[in-house]
Amino acid sequence: MGLKKGEEYLQSIKSLGLKAHVLGETPEDLPEHGLVAPSQKAVAFTYDAAHNSETRDLFCTESFLCKDVVNRFTHLHQSAADLVNKVKMQRYCGVQTGCCFQRCVGLDAANAIFSTTYECDQKHGSHYHERFKDYWRWVQQADLVVDGAMTDPKGDRSKRPVEQPDPDLFLRIKAHRPDGIVISGAKLHQTGMLNSHEILVMPTLTMRPGEEPWAVCCAVPTNAKGIHYIYGRQTSDTRKLEVSKLDVGNPVYGGQEVMTVFDDVFVPHERVFMNGEVDFSGILVERFASYHRQSYGGCKAGVGDVLIGATALIAKMNGVDRASHINDKIVEMIHLNETIYSCGIACSATGEQTAAGNFQVNMLLANVCKLNVTRFPYELARLATDVAGGLLGTMPSAADLADPLAGKYIRKYLAASPEYDTVDRMKVLRLIENLVAGAGAVGYLIESMHGAGPPTAQRIMIRRQAKIDQKIDTVKHFLSIK
Ligand code: SF4
């Protein structure tokens, strides 16, 4: 089957015939829909980069599973260098697309499931690991996009899954059959789901004894019977449906999230990788979350590069690029962005081999990375807004620019540095608007806060991973305190 090109990927998604509820309709040709197409192009970019002579070495690697060259987005990390290359690849994709390119979630899920199933089998005598290897070998050979589905609706947060008035508020095993299981529930905020071939369902939190039906991990095709998709709105999303692309900000690419409902979906045994083993649910959640917190050290730094570039350019266009306070602000943006990236690299370079053989990121540093990501992009956005000026929120539309009379006034009164065209200045302002307040801000800001868990989840992990008792012992030893 080999490495797909972007166009082959797009065709393969089209052939799945997925349907979704989008703004009150169920479009016949979903991939061509104006809200969906930009997000598919962002995923297609990850395919084409594997064929580009300049990026092939970063995007392609050898798989020990299928003994062939695979796209790194399906790779099971074999070294700390693999983890570092993953982050470099994500930064590159972020810079090139200026948005969430969606393909990392399945990669992170696969690496977490690979090591967790191995350890589960060792303890419980189950046979999940070999099953998962067979499944993932097929994914690698077919070069598929896999959505990692973790976030349950969770209902009343003060109640455990078993206490919820509606047991489906946490996705669960509803029935056991001789040939498999039937699952019921929903997964929210599913990044790139409509652009995926497969779904890896995982539990959303550490389950306890008595909560076995909710300790489930399995693989489901995105077009399986019983799955329903409801498109998630993004700020200013309908600008993507307008004739002119100028007001969209990001003219080619975009992200995508959906609510995914599993209405009694059957999963055969060969696709089940956890079936009630509550003691491994938390391990899987922590590992997946840590991988995805590492991922943010790459993708958010890449999108940050776009925002910094746009901010520096608008400063030139406005004629203020030589002002020292503007330079200070741009340097501050670079400092924050490179701090994010440094954490992504650090948690990768200090990653360690798991019992199953693949490499896991340094969990402490991955959580520090993500905690920074919950704050720094917001500061970058604030500084970009400061430098760009108030026009960011008041600029006339592309439709008025096209009007002979209004357009004449817009060009006349929005002119700034004579070295730059007024419409180019408007394009840059729209790009900044997209990232700080428009559709791109869903990926760059809201997702930075809540994706891979909110800041409190990282604080809990940092406290747990930091070995504070060792630090206390060091001080006691240093001061001869018994
Ligand atoms: Fe990948 Fe970043 Fe999007 Fe997550 S938020 S899927 S890491 S691009």
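Further up the page is the structure itself.
Residues numbered from 1 in each chain as written. Predicted model: local features only at pLDDT ≥ 70, side-chain atom pairs only at ≥ 80, totals over all residues. Heavy atoms only, no water.

1. Quick look at the sheet that holds strand S9 (residues 257-268)
In step 1: Here four strands make up an open sheet; going across it, the order is S4-S5-S9-S8 and the pairing antiparallel. The sheet terminates laterally at strand S4 (172-177) and strand S8 (227-231), the two strands that pair on one side only. Strand-to-strand, the axes of this sheet are offset by a mean angle of 10°, without reference to chain direction.
In step 2: By the bridge criterion, nine bridges tie strand S5 (residues 180-191) to S9 in an arrangement that is antiparallel. Looking at S9, one finds that Ala186 is bridged to Val261. (Pairing = 2+ DSSP bridges. Helix = DSSP H or I, 4+ residues; strand = E, 2+ residues; numbered from the N terminus. Axes fitted to C-alpha atoms, helices over the stretch in contact; angles between N-to-C directions.)

2. Points about the sheet that holds strand S3 (residues 146-149)
In step 1: Taken together, four strands build an open sheet; the order of strands is S3-S6-S7-S10 and the sheet is mixed. Looking at strand neighbours, the two that pair on one side only are S3 and strand S10 (272-275), the edges of this open sheet. Each strand of the sheet is rotated relative to its neighbour by a mean of 20°, with strand direction disregarded.
In step 2: One ladder, built from three bridges, connects strand S7 (residues 216-221) with S10; its direction is antiparallel. Bridge pairing links Cys217 to Met274 in S10.
In step 3: Packed onto the sheet, helix H5 (residues 104-124) meets S3, strand S6 (198-201), S7 and S10 and runs at close to 65° relative to S3. (Contact = heavy atoms within 4.5 Å.)

3. Observations regarding the pairing of S7
In step 1: Burial of S7 is extensive: five of the six residues sit out of reach of the surface.
In step 2: In terms of strand pairing, S6 meets S7 through four bridges, oriented antiparallel. Residue pairing for S7: Glu198 is matched across the bridge by Pro221. (Buried < 20%, exposed > 50% of the residue type's maximum accessible area, 1.4 Å probe, protein only.)

4. As for the packing of aromatic side chains
Two measures describe an aromatic ring pair: the distance that separates the ring centres and the angle between the ring planes.
In step 1: All told, the structure shown has 13 aromatic pairs when counted by the stated rule.
In step 2: Between the aromatic rings of Phe132 and Trp136, the centroid separation amounts to 5.9 Å while the plane-to-plane angle is 20°, which identifies the pairing as stacked. Residue Phe132 and its partner Trp136 are located together in helix H6 (residues 128-142), separated by four residues, close to a single helical turn.
In step 3: The exposure class of Phe132 is buried, given its relative accessible area of 0%.
In step 4: Taking relative accessible area as the criterion, Trp136 reaches 1% and is therefore assigned buried.
In step 5: When the ring of Phe132 is compared with that of Phe273, the centres are 5.1 Å apart and the planes differ by 90°; the resulting orientation is edge-to-face. With Phe132 in helix H6 and Phe273 in strand S10, this residue pair connects regions lying 141 residues apart in the sequence. (Phe/Tyr/Trp six-rings, centres within 6.5 Å; stacked < 30°, edge-to-face > 60°.)

5. Side note on the site of the ligand
In step 1: The ligand sits among Cys100, Phe101, Gln102, Cys104, Val105, His292, Ser295, Tyr296, Cys299, Lys300 and Glu447.
In step 2: Those elements that place two or more of their residues in the shell around the ligand are H5 and helix H7 (281-318).
In step 3: Here the shell around the ligand takes five residues from H7, the largest share from any one element.
In step 4: Taken together, the residues of the shell around the ligand break down into six nonpolar, three polar and two charged. (Near = heavy atom within 4 Å. Nonpolar A, V, L, I, M, F, W, Y, C, P; charged D, E, K, R; others polar.)

6. Some details on a nonpolar patch on the surface
In step 1: Among the surface-exposed residues, Val475, Phe478, Leu479 and Ile481 lie close enough to one another that they form a single nonpolar patch of about 440 Å² accessible area.
In step 2: As for its position among the elements, Ile481 is in the segment after helix H16 (468-478).
In step 3: The class for Ile481 is partly exposed, based on a relative accessible area of 46%. (Patch = residues over 30% accessible without salt bridge, like charges linked within 9 Å, V, L, I, M, F, W, Y side chains within 5 Å. Areas by Shrake-Rupley, 256 points an atom, 1.4 Å probe, with all protein chains shown as cover. Salt bridge = Lys/Arg side-chain N within 4 Å of Asp/Glu carboxyl O.)

7. Description of the layout of surface pockets
In step 1: Quantified by volume, the largest pocket comes out at close to 1,300 Å³.
In step 2: What lines the largest pocket is a set of 48 residues, among which Thr151, His450, Gly451, Ala452 and Gly453 lie closest to the centre.
In step 3: Those elements giving two or more residues to the lining of the largest pocket turn out to be H5, S3, S5, S8, S9, H7, helix H14 (439-450) and helix H15 (455-465).
In step 4: Ranked by the residues each element gives to the lining of the largest pocket, the list is headed by H7, at 10 residues.
In step 5: Of the residues that constitute the lining of the largest pocket, the class distribution is 23 nonpolar, 16 polar and nine charged. (1 Å grid on protein atoms, 1.4 Å probe; cavity = no way out; pocket = protein on both sides within 12 Å on 5 of 7 lines; lining within 4 Å. Points joined across faces, edges and corners; volume = space filled by probe spheres on them.)

8. Considering the packing of H5 against H6
A pair of packed helices can be characterised by two numbers: the angle between their axes and the separation between those axes.
In step 1: Packing of H5 against H6 leaves a shortest axis separation of 8 Å and a crossing angle of 155°. Taken together, the axis directions place H5 and H6 in an arrangement best described as roughly antiparallel. Pair H5 / H6 crosses with left-handed handedness. On the side of H5, the interface is formed by Gly106, Ala110, Ile113, Phe114, Thr117, Tyr118, Cys120 and Asp121, while H6 contributes Tyr128, His129, Glu130, Phe132, Lys133 and Trp136. (Parallel < 35°, antiparallel > 145°, perpendicular 65-115°, else oblique. Left-handed = near helix turned anticlockwise from the far one by under 90°.)

9. Regarding the pattern of salt bridges
In step 1: All chains considered together, the criterion is met by 29 salt bridges.
In step 2: Between Glu130 and Lys133 there is a salt bridge; the shortest N-O distance is 3.3 Å. Taken together, the residues Glu130 and Lys133, both in helix H6 and three residues apart, mark about one turn of the helix.
In step 3: Looking at Glu130, the relative accessible area reads 45%, which means it is partly exposed.
In step 4: Of the residues examined, Lys133 reaches a relative accessible area of 18% and is grouped as buried.
In step 5: With a shortest N-O distance of 2.9 Å, Glu379 and Arg382 are connected by a salt bridge. Linking Glu379 with Arg382, this pair stays in helix H10 (residues 376-388), spanning three residues, or about one helical turn.

10. Quick word on the nonpolar core
In step 1: Counting residues in hydrophobic clusters, the biggest one holds 59 residues, and the most contacted among them are Phe73, Leu307, Ile314 and Ile432.
In step 2: At 11 residues, the largest contribution of residues to this core is made by H7.
In step 3: Residues contacting Ile314, with those up to four places away along its chain left out, are Val387, Ala388, Arg425, Val428, Leu429 and Ile432.
In step 4: Leu83, Ala112, Val139 and Val146 belong to the second largest nonpolar core, which has 40 residues in total. (Core = buried A, V, L, I, M, F, W, Y, C linked by side-chain atoms within 4.5 Å.)

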